[in-house]
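Chain residues, written in single-letter form:
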Amino acid sequence: MKVLFRVDAGPVMGGGHWLRCLVLADALRAQGHKVRWCYAQTTPALLQRVRQRDIPTIPLAVEMAQRKDAELARLQACNDGIDWLVLDGYQFGADYREVLTQAAPLKLLMIDHLNDSRPLFADAVLN
């Protein structure tokens, strides 16, 4: 299985989403799955943690969580034959997630720890 993580981090938003996804990526890789990392914003230290694991990284040169961001993430997932896209962050609203659903057969796992992100437009929710 191929999994793409779409997550951001920064001085204002912190790195919790990034680190949570990194743990999930480690578990998936331990089971033999392939993972990739896609981001619009991060810090050098967090990016280094991903690269130390030899996880391919894909920077998006767009404004975070806007329509163009979602379109580029969807395109990247389709071009790489991704099975699941994991989305973690408060900034990814319903409009963003809806754009991602236009990439069948791509499946979307949304990490929603606040349980307030309706409509979900997701195949699975991790809370």
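Calculation notes
Residues numbered from 1 in each chain as written. Predicted model: local features only at pLDDT ≥ 70, side-chain atom pairs only at ≥ 80, totals over all residues. Heavy atoms only, no water. Helix = DSSP H or I, 4+ residues; strand = E, 2+ residues; numbered from the N terminus. Rg over C-alpha atoms; globule rule 2.2 N^0.38 Å. Buried < 20%, exposed > 50% of the residue type's maximum accessible area, 1.4 Å probe, protein only. Contact = heavy atoms within 4.5 Å. Areas by Shrake-Rupley, 256 points an atom, 1.4 Å probe, with all protein chains shown as cover. Expected span 1.5 Å × (residues − 1). Arc of directions from axis to C-beta. Phe/Tyr/Trp six-rings, centres within 6.5 Å; stacked < 30°, edge-to-face > 60°. Pairing = 2+ DSSP bridges. Axes fitted to C-alpha atoms, helices over the stretch in contact; angles between N-to-C directions.

Colleague: Which parts of the structure should I look at to understand the overall build of the protein?
Modeller: Across its full length, the protein holds 4 helices and 6 strands. Mapped in sequence order, the helices and strands of the protein form the string β-α-β-α-β-α-β-α-β-β. Taking 127 residues into account, the globule formula puts the C-alpha radius of gyration at 14 Å, and the protein, at 13 Å, falls close to it. Its C-alpha atoms give the protein principal-axis dimensions of roughly 35 × 35 × 30 Å. Across the 127 residues that make up the protein, the buried fraction comes to 42%. A fraction of 55% describes how many contacts in the protein between residues 6 or more apart in sequence connect residues 24 or more apart. As presented, the protein carries roughly 6600 Å² of accessible surface, and 52% of it is formed by carbon and sulfur atoms.

Colleague: In this structure, what is going on with helix H3 (residues 67–79)? I would like to understand it.
Modeller: In an α-helix there are 3.6 residues to a turn, and that puts residues three or four apart on one side. For H3, built from 13 residues, the straight-helix expectation of 18 Å at 1.5 Å per residue is met to within 8% by its first-to-last C-alpha distance of 18 Å. Buried residues of H3: Asp 69, Ala 70, Ala 73, Arg 74 and Ala 77, and no others. Each buried residue of H3 lies within a common arc of 130 degrees when the element is viewed along its axis, so the set occupies one face. For H3, the exposed residues lying more than 90 degrees away from the buried face are Arg 67 and Asn 79. As for H3, its buried residues are in contact with strand E1 (2–7), strand E4 (84–88) and helix H4 (94–100).

Colleague: Honestly, helix H2 (residues 44–52) in this entry has me stumped. Any pointers?
Modeller: Among all positions of H2, only Leu 46, Leu 47 and Val 50 are buried. Down the axis of H2, the sector holding all buried residues measures 100 degrees, keeping them to one side. Residues of H2 that are exposed and point over 90 degrees away from its buried face: Pro 44 and Gln 52. The secondary structure elements touched by the buried residues of H2 are helix H1 (16–30), strand E2 (34–39) and strand E3 (57–59).

Colleague: Explain the packing of aromatic side chains to me, please; I cannot follow it from the model alone.
Modeller: Two measures describe an aromatic ring pair: the distance that separates the ring centres and the angle between the ring planes. Overall, the coordinates contain 4 aromatic pairs when judged by the stated rule. Where Trp 18 meets Tyr 39, the ring centres are 5.8 Å apart and the plane angle is 70 degrees; that geometry is what we call edge-to-face. With Trp 18 in helix H1 and Tyr 39 in strand E2, this residue pair connects regions lying 21 residues apart in the sequence. Residue classification places Trp 18 among the buried positions, given a relative accessible area of 0%. What links up through ring pairs into an aromatic cluster is the set Phe 5, Trp 18, Trp 37 and Tyr 39.

Colleague: Please clarify how the sheet that holds strand E6 (residues 124–126) should be interpreted in this entry.
Modeller: Two pairing modes exist for strands in a sheet, parallel and antiparallel, and in both the strands are linked by backbone hydrogen bonds. With parallel pairing, the 6 strands of this open sheet are ordered in space as E3-E2-E1-E4-E5-E6. Each having just a single partner strand, E3 and E6 make up the two edges of the open sheet. Neighbour to neighbour, the strand axes of the sheet diverge by 20 degrees on average, direction disregarded. Inspection of the sheet shows E1 paired to E4 by 5 bridges, in the parallel sense. Bridge pairing in E4 places Phe 5 opposite Val 86.

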